[in-house]
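# Tertiary structure, described
Listed below are the residues making up each chain.
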Amino acid sequence: MSAGALLVVLIIWVPTVRPLQFSAGALHWGAITAFFAMVLPLTCFSFFMPHLSLGIGPIISSLELPASVIFAFILLDETVTGVQIIGVTLIILAVIITNVIPVRVAHRYQQMGQ
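Residues numbered from 1 in each chain as written. Predicted model: local features only at pLDDT ≥ 70, side-chain atom pairs only at ≥ 80, totals over all residues. Heavy atoms only, no water.

### What to know about helix H2 (residues 24–48)
In this model, H2 (25 residues) spans 34 Å end to end at C-alpha, consistent with the 36 Å of a helix rising 1.5 Å per residue. Phe35 marks where H2 bends most, by close to 40°. (Helix = DSSP H or I, 4+ residues; strand = E, 2+ residues; numbered from the N terminus. Expected span 1.5 Å × (residues − 1). Bend = angle between axes of the 7 residues up to and from the residue.)

Next up, the structure:
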């Protein structure tokens, strides 16, 4: 997935970026950003997801969006609107509800059988 994204970005942006000279600092910070934004998360996701239960995986995956919004607000000083907060909240609630309701139904079913 990352290789495909890199290929698309290179095809689209290389003609516009090619004449520019890159400084060593830009390449240094670009490499650090690429590692923490693409390599490390995808590696951890691919390695650890098969070891998690089915209910935990979607919840952890859904936390990416709120984390991005929070860190964009804190580190980049971006504005966060009320609509964005409501959207993030709805996503998290949807994932939690779809995982909590089946657990409660199964628990009630077990109680009825005793």
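### Re the layout of surface pockets
A volume near 620 Å³ is recorded for the largest pocket. Residue lining of the largest pocket: 17 residues in total, with Pro41, Leu42, Phe45, Ile60 and Glu64 positioned closest to the centre. Only H2, helix H3 (56–62) and helix H4 (64–75) provide two or more residues apiece to the lining of the largest pocket. When residues in the lining of the largest pocket are grouped by element, the largest group, 9 residues, is from H2. Of the residues assigned to the lining of the largest pocket, the class counts are 14 nonpolar, 2 polar and 1 charged. (1 Å grid on protein atoms, 1.4 Å probe; cavity = no way out; pocket = protein on both sides within 12 Å on 5 of 7 lines; lining within 4 Å. Points joined across faces, edges and corners; volume = space filled by probe spheres on them. Nonpolar A, V, L, I, M, F, W, Y, C, P; charged D, E, K, R; others polar.)

### Comments concerning unusual backbone geometry
The residue Asp77 is not glycine, and still its phi comes out positive at about 60°. For Asp77, the location among the structural elements is in the loop between H4 and helix H5 (82–113). Residue Asp77 is classed as exposed on the basis of its relative accessible area, which comes to 64%. (Buried < 20%, exposed > 50% of the residue type's maximum accessible area, 1.4 Å probe, protein only.)

### Considering the packing of aromatic side chains
Aromatic ring pairs are reported here in terms of the distance separating the ring centres and the angle at which the planes meet. All told, the structure shown has 2 aromatic pairs when counted by the stated rule. A centroid spacing of 5.1 Å and a plane angle of 80° characterise the contact between Phe35 and Phe36, whose relative ring orientation is edge-to-face. Overall, the relative accessible area of 53% leaves Phe36 in the exposed class. An angle of 85° between the planes, with centres 4.8 Å apart, marks the rings of Phe47 and Phe48 as edge-to-face. On the accessibility criterion, Phe48 (46% relative accessible area) is partly exposed. (Phe/Tyr/Trp six-rings, centres within 6.5 Å; stacked < 30°, edge-to-face > 60°.)

### Considerations on H4
For H4, spanning 12 residues, the distance from its first C-alpha to its last is 16 Å, which sits close to the expected 16 Å at 1.5 Å a residue. Once H4 finishes, Asp77 follows within two positions and takes phi at roughly 60°, a positive value.

### Let's talk about the confidence of the model for the chain
On average, residues of the chain score 80 in pLDDT, and 91% of them are at 70 or above. When the elements of the chain are averaged for pLDDT, H3 gives the smallest value, 76, and H4 the largest, 83. (pLDDT = per-residue confidence, 0-100.)

### Considering the environment of Ile32
Within the element layout of this structure, Ile32 appears in helix H2. Note: C-alpha distance between Ile32 and Gly57 (25 residues apart in sequence) is 27 Å.

### Digging into the environment of Phe35
Within the secondary structure, Phe35 sits in helix H2. Overall, Phe35 belongs to the partly exposed group, its relative accessible area being 39%. A C-alpha to C-alpha distance of 16 Å links Phe35 and Ser68, two positions 33 residues apart in sequence. Not counting residues within four places of it along the chain, the set of residues in contact with Phe35 comprises Leu40 and Pro41. (Contact = heavy atoms within 4.5 Å.)

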